[in-house]
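Listed below, chain by chain, are the residues.
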Amino acid sequence: MEDNYNPIIGPQYCLPDPINLAFTTKIAGVNHGELSVTDVNGNPFFYFGRSSEDNKWILVDAISSCTLVSMKEKYWSLHDRWQVFKGDTTKKEALLFSVKRSSALQVHTKLKVYLPDNTEEDKCDFMIKGNYRKKSTIIYKGDCASNIVLAQLSNKHEVIKCQLEKDAFGVNINPYTDYAFIATLIAILHKISQESEEAASQ
C-alpha cells in the first residue's frame, strides 16, 4: 500500500500501522462541528463545521485549529456532486478531489471519487459503497472491483474504548492511508445521508 497510494491531504496523516477512529456528534471540549472525529480513547482529531463564507463546510484539525479542507456541494448537479479544496478556500486551483453519486436514483450508497487530473471520469479513483445507516460501508482505492480496501465503517462499539453516544461509530483504516482524507469522505457521506433523510420526511 505504501508504494501505490499517495496521500491526498497530507503525508502526516498516513501511518504505517492500522488506525481506528471514532465518529461522533457529541464530544466534550469540541463544540464547533456537528460531526467530530476522535481516536478510540476519545482524544479529538478533527471536527467539521459550517463556514459562514460561501456556504461551505470545513475540516479542522482539532489540535492545531487549522482548516485542512473546505467542502462545497455543487447545487443542481444530477449526482449530488461535492467538491473538496485544500485549506480555507474554494478556488479552482485548490481542488483536491470531487465526490458524486454513481446514479441519481439509488437505494444503497455508491459514491465515486475523482482526483482533479481525472478529467474524463471514465473510471473513479476511489469508491464508497454500502449502507451508511447500518454503517456497513467500505472505501476502496479504484472501484470496488479492485478489492483494495482503504477503510471500513463499523457500528461495533468494541473498537471505541471511550464512552460516546449510542449513534457513534468506528472506522477501521488500513496502513499508509490518509486518514484525514477518509474522514472527509465520511463527512460528505454523512451530509448526503442527512439530506436524503430530510427529503424523504417532507
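Everything here concerns the structure above.
What counts, and where the lines are drawn
- Residues numbered from 1 in each chain as written.
- Predicted model: local features only at pLDDT ≥ 70, side-chain atom pairs only at ≥ 80, totals over all residues.
- Heavy atoms only, no water.
- Helix = DSSP H or I, 4+ residues; strand = E, 2+ residues; numbered from the N terminus.
- Buried < 20%, exposed > 50% of the residue type's maximum accessible area, 1.4 Å probe, protein only.
- Areas by Shrake-Rupley, 256 points an atom, 1.4 Å probe, with all protein chains shown as cover.
- Contact = heavy atoms within 4.5 Å.
- Pairing = 2+ DSSP bridges.
- Axes fitted to C-alpha atoms, helices over the stretch in contact; angles between N-to-C directions.
- Salt bridge = Lys/Arg side-chain N within 4 Å of Asp/Glu carboxyl O.

Undergrad: So what about the overall build of the chain? Which residues, and what values?
TA: Within the chain, the secondary structure is distributed over one helix and 12 strands. In sequence order, the secondary structure elements of the chain are arranged as β-β-β-β-β-β-β-β-β-β-β-β-α. Going through the 202 residues of the chain one by one, you find that 49% of them count as buried. Carbon and sulfur atoms provide 48% of the accessible area of the chain, an area that totals close to 10,700 Å².

Undergrad: Got a sec to walk through the environment of Phe-126? Specific residues and values, please.
TA: Residue placement: Phe-126 occurs in strand β9 (residues 126–131). Relative accessible area serves as the criterion here: at 3%, Phe-126 is assigned to the buried category. On a C-alpha basis, the gap between Phe-126 and Lys-112 in space is 6.1 Å, while along the polypeptide they are 14 residues apart.

Undergrad: So what's going on with the side chain of Ser-51? Which residues, and what values?
TA: By secondary structure assignment, the location of Ser-51 is in strand β3 (residues 44–51). Look at Ser-51 and you get buried, because its relative accessible area is 14%. Once residues within four sequence positions are removed from consideration, Ser-51 is found in contact with Lys-56 and Ile-58.

Undergrad: Got a sec to walk through the environment of Ile-173? Specific residues and values, please.
TA: Looking at the element boundaries, Ile-173 is found in strand β12 (residues 169–173). On the basis of relative accessible area, Ile-173 is assigned to the buried category, the value being 1%. When the C-alpha atoms of Ile-173 and Leu-153 are compared, they prove to be 8.8 Å apart, with 20 residues separating the residues in sequence. Setting aside chain neighbours within four positions, we find Ile-173 in contact with Pro-18, Ile-19, Leu-21, Leu-150, Ala-151, Tyr-179 and Ile-182.

Undergrad: For the sheet that holds strand β11 (residues 148–154), give the residues involved together with the corresponding values.
TA: Read around the closed barrel, 12 strands run β1-β2-β3-β4-β5-β6-β7-β8-β9-β10-β11-β12, paired in antiparallel fashion. On average, each strand axis in the sheet is inclined to that of its neighbour by 20°, with strand direction left out of account. Here strand β1 (residues 19–24) runs beside β12; their pairing, made up of five bridges, is antiparallel. Bridging across to β12, Ala-22 finds its partner in Gly-170.

Undergrad: Outline the pattern of salt bridges, supporting the account with residue identities and numerical values.
TA: Overall, the coordinates contain three salt bridges when judged by the stated rule. With a shortest N-O distance of 2.7 Å, Lys-56 and Asp-88 are connected by a salt bridge. Placement of Lys-56 in strand β4 (residues 56–61) and of Asp-88 in the loop between β6 (82–86) and β7 (95–101) is noted, with a sequence separation of 32 residues between them. Relative accessible area serves as the criterion here: at 0%, Lys-56 is assigned to the buried category.

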